[in-house]
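Residues per chain are reported as follows:
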Amino acid sequence: MTNKKAIMHVLSHTHWDREWYQDFQGYRQRLVFQIDMLMDLLEQKPDFKHFHLDGQTSCLLDYLQIRPESRERLEKHIQSGQILIGPWFVMPDELLLSGESIVRNLMLGHALCADFGTDPMPIGYVTDIFGHCSQLPQILRSFGIDTAFLHRGTSTEDEKTEMLWEGADGSDVLLIKVYPYTGYQDFLVLRDSSDESLLEYEERKLNLSTTNVLFTLDGNDHQPAYWTIPDYIKRINKIFKHTKLVHSSMLKYLHELRKALGDDWRTGLKKFTGELRMPNKSGTYAELFYGTASSRVNLKQENDALEYLLPRIAEPLHTWSIFVGGDNQKPFLNLAWNYLLLNHPHDSIVGCSLDQVHKDMMYRFDQSRLIAQNSIWESVLAIDEKLNTLEVGGEGKVVTLHNSSTADMGPVNRFFINLRKDIVEQNAKEGLVPALVDADGNIIPYVVDSQIDDVYSIPLVRKDHGTSPKFSGIPDYWMPASRTYITANVSVPANGYKTLKIAYVTPDKQKAASDITYDAIQNTSANTIENEFIKAEANANGAINLLDKQNNKWYKNIHSLEDCGDNGDGWDHVYPENDNAILSTDDGAISGISASVTAKSNMSASLTISYMMKLPAELKKDRKYRSSKLVSIPITSIFTLDSGSKMLKCKTIIDNKAKNHRMRALFPTGLNTSVWFADTAFDVVKRNIKLPDTTGWMEQAREESPVKNFAAVCSSETGLAVITKGLCEAAVQDNPQRSIALTLFRGFDQNIGGYITEESQMPGRLEFEYAIHPFTPVDGNPPASIMQEVERFKIPLIALTTDAHSGDMPASGKFMELPDELTLSTVKLSENNKAAIIRIFNTNTYQVDGDLRISLPFKKAWKSSPMECKLEKLETDNGAIPLSVGPKEILTIRIKL
């Protein structure tokens, strides 16, 4: 530090939770009044120079819905640099979201900044996020952002204001941490302090800084701009001895800080690598929180389903439909994303808000889902119109199965067919039943799961519906149909489609086909199901044993349930002072155990285990003990094993009648390891099983951690993963069993400003889906193919029944091929509607080389930024694009249509 006076930039700001202890409409009313007042202030008091809108842009749209007449006035202040916005649309909870959601959030934030005639703040502004994902530095760098500004995720031990953060792929950013003793409100909290306290504050700030360029934050949650800030600055400038305060902006502060740090800015800075998920040692309001991934689990389930439905099904099918001449649906899909992203602020998706807030979220999830589903039907109608489905077997009905995953789906799949009810009935009179027939004339075995009568046979979504002469199946829309849900012995290629003819045959022909063994289920004894890879058997205690036949490894007594008390809230699970966990395998813990096996032909079998589990009804009034009153909780787990599958699927149904408790499923692995694995945004991370010693810290380390799709444990020879649908919290316990603990749900009540939440108790029927996947490790890590198993579990086939017709494309084929070791994030239409955007990522610690193949005609290909700007032209060879994707690299490719 030189003798030159340090400059402290006073940054006026608000941290704007769009919804939390008030509902959105209540907060918006405050927002409108505060922005009105802010513009008055900027216009009437020239020495109040800048105000920061929390790194977000969604609040601008919320404001203008009420004050559309103020747009020009607002734009003037934004374009002058007085009001600073972006780079985000909303400040997201990184650890509960997919990488694609984080990218879309930044894309929309940047686009809105451009719409308001300004550049976004060039900083990763994530001040109140409860921990940070390992790939955020790479994501920020790809948007031209070289700095992250945060509060939580580092412990505050031996830290400075300026540090270094290196992400999973080696990308690094300057990490700026807010004042640890107050959080992101140091000027707001301390500006009225005594001279002595202010001098102490000045000294602390100087000691924390590595340069003579400092900042102080004037603001906090939902705080307005204060007219008196220039006066406070004048007063404190008379008190400080070594520092001069100036009312400033983030842009000016960053510019001066970078100059002060110099070109060798990394030298000497404390360095963090990968995830930032350290508990809080001594900071104020800096808790990481360990219950955010398991509160209000229904929100996580809805979000997870949409993070596959939108970028992995709706958008790819839309893109392929554009390739073949379909209509542009991008405005619909943009709106679906808008609804989804508005649910991603940390206090929203976390589940720590009022019941009304989360009711509003469910509405947004519904709207996003409905738009995506309608888009899917429009896309498959446009694609299937181009297929020559006559080649499957001449005229008649066909069903085309669309697989948007990067994994071949099969040999067992589930989908529905729509058949005109009158035609089915007429054929039945003639002794014929519906059959599925492939292009070689083979009858496909299937069994009926269920049937719904009198449905519309084709979704009414096309703009030319009922008028187009090109698509002969449309008139059938008005005829009553039977929708039959089936399990069939058919495979569909990755990123592709397959068409089957629907014929009518005699029952004996259909039965003969179904009796053929195709990698059949081998054992359906009283308590056992088995295929060529897995054997699962029910135990008398309600748990199961699972044999990994490829590695000859038994996992015994897995899937017991653990229930404990919860005296916490939306942020944290808190054990009551006197709490004992109840295990379903404990003597007397459950009653009425039943196990049964059902088999569907030779394709699939299910093992159903049901019992009643007695649990304390609630917490006692002192909240130190759980109640002595017991309630019986019905629990049913249905384990399903398909022929050819390497995973055992599970659906657990719980009728929750208890309060203030947490339930987890335990999977003892017995594997010798000190680490475990989970996937997060664009990455698979390795975590230590042994927790750090946090004795005396303000926040204690906990075993629970956020996961996105799976948690896994492996030795050098064998491994076990649990793949989830929207269950975002898991742990691997530091015991000899090395048990994977998957949190199913937490029930809690939360006092928010005098309002006691009720729906946070998660009452009534709850359903949870997950899969148990034994695997063979590669160099002590889960194989890259685990992400394909995730997609097999989470991406359903889309089936469309139509009349056979001529077309220019084959009846079955692939749109795209991707190297197996790479993971697909999305295929989408570019923002300018002129190109296809393909985003992939490499979760491996080594480079992956291979070809990306596109089967539809295209002109050129480039490496691109996430904002879809061309960076580097790629070579192409007859539809193949050679790729070299570095370790942990996220790659965006732009393909000209």
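About the thresholds
Residues numbered from 1 in each chain as written. Predicted model: local features only at pLDDT ≥ 70, side-chain atom pairs only at ≥ 80, totals over all residues. Heavy atoms only, no water. Phe/Tyr/Trp six-rings, centres within 6.5 Å; stacked < 30°, edge-to-face > 60°. Helix = DSSP H or I, 4+ residues; strand = E, 2+ residues; numbered from the N terminus. Buried < 20%, exposed > 50% of the residue type's maximum accessible area, 1.4 Å probe, protein only. Salt bridge = Lys/Arg side-chain N within 4 Å of Asp/Glu carboxyl O. Disulfide = S-S within 2.5 Å. Lys, Arg positive; Asp, Glu negative; His and termini not counted. Polar contact = N/O pair within 3.5 Å; in protein donor to acceptor, adjacent residues only side chain to side chain. Contact = heavy atoms within 4.5 Å. Expected span 1.5 Å × (residues − 1). Arc of directions from axis to C-beta. Pairing = 2+ DSSP bridges. Axes fitted to C-alpha atoms, helices over the stretch in contact; angles between N-to-C directions. Parallel < 35°, antiparallel > 145°, perpendicular 65-115°, else oblique.

Peer 1: It is not clear to me how the packing of aromatic side chains should be interpreted in this structure. Could you clarify?
Peer 2: Given two aromatic rings, one states the distance between the centres and the angle between the planes to describe the pair. Taken as a whole, this structure holds 21 aromatic pairs when the rule is applied. Between Phe 130 and Phe 289, the ring centres sit 5.2 Å apart and the planes meet at 85 degrees, which makes this aromatic pair edge-to-face. Within this pair, whereas Phe 130 is found in the loop between strand S4 (124–126) and helix H5 (136–142), its partner Phe 289 is found in the loop between strand S10 (271–273) and helix H10 (297–323), the two being separated by 159 residues in sequence. Under the relative-accessibility criterion, Phe 289 is labelled buried at 17%.

Peer 1: Where do I start with the pattern of salt bridges in this structure?
Peer 2: A pair can form between side chains of opposite charge whenever their charged atoms are brought close. For the structure on display, the rule yields 56 salt bridges. Two residues, Lys 271 and Glu 166, come together in a salt bridge whose shortest N-O distance is 3.1 Å. A residue pair is termed long-range when its members are at least 10 positions apart, and Lys 271 in strand S10 and Glu 166 in strand S6 (residues 162–166) qualify at 105 residues. Residue classification places Glu 166 among the partly exposed positions, given a relative accessible area of 22%. With its nearest N and O atoms 3.6 Å apart, the salt bridge here joins Glu 759 to Lys 359. One end of the pair, Glu 759, is in the loop between strand S37 (755–756) and strand S38 (764–775); the other, Lys 359, is in helix H13 (residues 355–385), with 400 residues separating them in the sequence. A single salt-bridge network, built from bridges that share partners, covers Glu 562, Arg 662, Arg 664, Arg 702, Glu 703 and Glu 704.

Peer 1: Would you take a moment to explain the state of the cysteines for this structure?
Peer 2: By definition, a disulfide links two cysteine residues through a covalent bond between their sulfur atoms. Taken as a whole, this structure holds zero disulfides when the rule is applied. Cys 113 supplies the cysteine sulfur nearest to Cys 59, a cysteine that is in no disulfide, at a spacing of 10 Å. Residue classification places Cys 59 among the buried residues on the basis of a relative accessible area of 4%. Of all cysteine sulfurs in the structure, the one in Cys 113 sits closest to Cys 869, which takes part in no disulfide; the separation is 15 Å. Given the relative accessible area of 45%, Cys 869 is considered partly exposed.

Peer 1: Got a minute to help me understand unusual backbone geometry in this structure?
Peer 2: With the exception of glycine, most residues fall at negative phi, and the peptide bonds are largely trans. Along the chain, Gly 86 connects to Pro 87 via a cis peptide bond; the corresponding omega equals 15 degrees. One non-glycine residue with positive phi stands out, namely Asp 158, at about 55 degrees. In this structure, Asp 158 sits in the loop between strand S5 (147–150) and S6. We note that Arg 296 has phi near 45 degrees; this positive angle belongs to a residue other than glycine. Look at Arg 296 and you get buried, because its relative accessible area is 2%.

Peer 1: I keep staring at the side chain of Asp 438 and nothing clicks. Help me out?
Peer 2: Residue position: Asp 438 is located in the loop between strand S13 (433–437) and strand S14 (443–444). An unpaired buried charge is present at Asp 438: no salt bridge exists, and Lys 498, the closest side chain of opposite charge, is 5.7 Å distant. Within polar-contact distance, the side chain of Asp 438 engages the backbone nitrogen of Asp 440 at 2.9 Å. Once residues lying within four places of it in the same chain are set aside, the contact partners of Asp 438 are Val 392, Ile 444 and Leu 500.

Peer 1: Help me out: how do you make sense of helix H7 (residues 195–208) in this one?
Peer 2: Quick reminder: α-helices carry 3.6 residues per turn. Residues three or four places apart thus point the same way. The terminal C-alpha atoms of H7 lie 20 Å apart, and with 14 residues this matches the ideal 20 Å at 1.5 Å per residue to within 8%. Where H7 is concerned, the buried positions are Leu 198, Tyr 201, Glu 202, Lys 205, Leu 206 and Leu 208. An end-on view of H7 places all buried positions within 160 degrees of arc, on one side of the element. Opposite the buried face of H7, at more than 90 degrees from it, the exposed residues are Glu 196 and Glu 203. Buried residues along H7 sit against strand S1 (6–12), S6, helix H6 (186–190), strand S8 (213–218), helix H8 (229–237) and strand S9 (243–247).

Peer 1: What's the story with the pairing of strand S45 (residues 861–864) in this structure? I'm lost.
Peer 2: It is a general feature of regular strands that their side chains alternate between the two faces of the sheet. Bridge analysis of S45 against strand S46 (residues 870–874) gives four bridges, and the strand direction is antiparallel. When the sheet's bridge partners are listed, Lys 863 is paired in S46 with Glu 872. Hairpin remark: S45 followed by S46, antiparallel, with five residues in the connecting loop; positive phi at Glu 868, about 70 degrees. Note: S45 against strand S48 (residues 890–896), four bridges, orientation antiparallel. Within the sheet, the bridge partner assigned to Ser 864 lies in S48 and is Thr 892.

Peer 1: Quick question: what am I supposed to make of the sheet that holds strand S15 (residues 446–455) here?
Peer 2: Consider a sheet: its strands pair through backbone hydrogen bonds, and that pairing is either parallel or antiparallel. Reading across the sheet, the three strands line up as S12-S16-S15 and stay open at both edges, with antiparallel pairing between neighbours. In this open sheet, the two strands that pair with only one neighbour each are strand S12 (412–420) and S15. Each neighbouring strand pair of the sheet contributes to a mean axis angle of 20 degrees, computed without reference to strand direction. Pairing of S12 with strand S16 (residues 481–489) involves nine bridges; the strand directions are antiparallel. Paired with Phe 416 across the bridge in S16 is Tyr 485. Helix H14 (residues 421–429) rests against S12, S15 and S16 of the sheet, and its axis sits at about 95 degrees to S12.

Peer 1: What am I meant to see in the sheet that holds S8 here?
Peer 2: Spatially, three strands are ordered S8-S1-S9 in an open sheet, and the strand pairing comes out parallel. The sheet is open, and its two borders are formed by S8 and S9, each paired with just one other strand. Neighbour-to-neighbour, the strand axes of the sheet open up by a mean angle of 30 degrees, direction not taken into account. Pairing geometry for S1 and S8, over six bridges, is parallel. Along S8, the bridge assignment pairs Ile 7 with Val 213. In this fold H7 packs onto S1, S8 and S9, with an angle of close to 125 degrees to the strand it touches most, S8. Against the sheet, helix H9 (residues 250–261) engages S1 and S8, with an angle of about 155 degrees to S8.

Peer 1: For this particular structure, what's the right way to read the packing of helix H2 (residues 58–66) against helix H3 (residues 71–79)?
Peer 2: In helix packing, the relevant descriptors are the interaxial angle and the interaxial distance, both defined with respect to the helix axes. It is at 10 Å that the axes of H2 and H3 come closest, and there the two elements cross at 155 degrees. When the axes of H2 and H3 are compared, the pair comes out roughly antiparallel. Every residue of H3 that contacts H2 at Leu 60, Tyr 63 and Leu 64 is listed here: Arg 71, Leu 74 and Ile 78.

Peer 1: Any chance you could explain the side chain of Asp 221 here in plain terms?
Peer 2: Relative to the assigned elements, Asp 221 resides in the loop between S8 and H8. When near neighbours in sequence (up to four residues on either side) are disregarded, Asp 221 contacts Thr 14, His 15, Asp 17, Trp 20 and Tyr 184.

Peer 1: Teacher, can you tell me more about the pairing of strand S34 (residues 729–732) here?
Peer 2: In S34, alternate side chains face the same way, and those of Glu 729 and Ala 731 on one face and Ala 730 and Val 732 on the other are all buried. Of the strand pairs in this sheet, strand S31 (residues 705–706) and S34 are connected by two bridges, and their pairing is antiparallel. Within S34, the residue paired with Ser 705 across the bridge is Ala 730. Two elements, S34 and strand S35 (residues 740–747), share three bridges in a ladder whose sense is antiparallel. Residue pairing for S35: Ala 731 is matched across the bridge by Ala 741.

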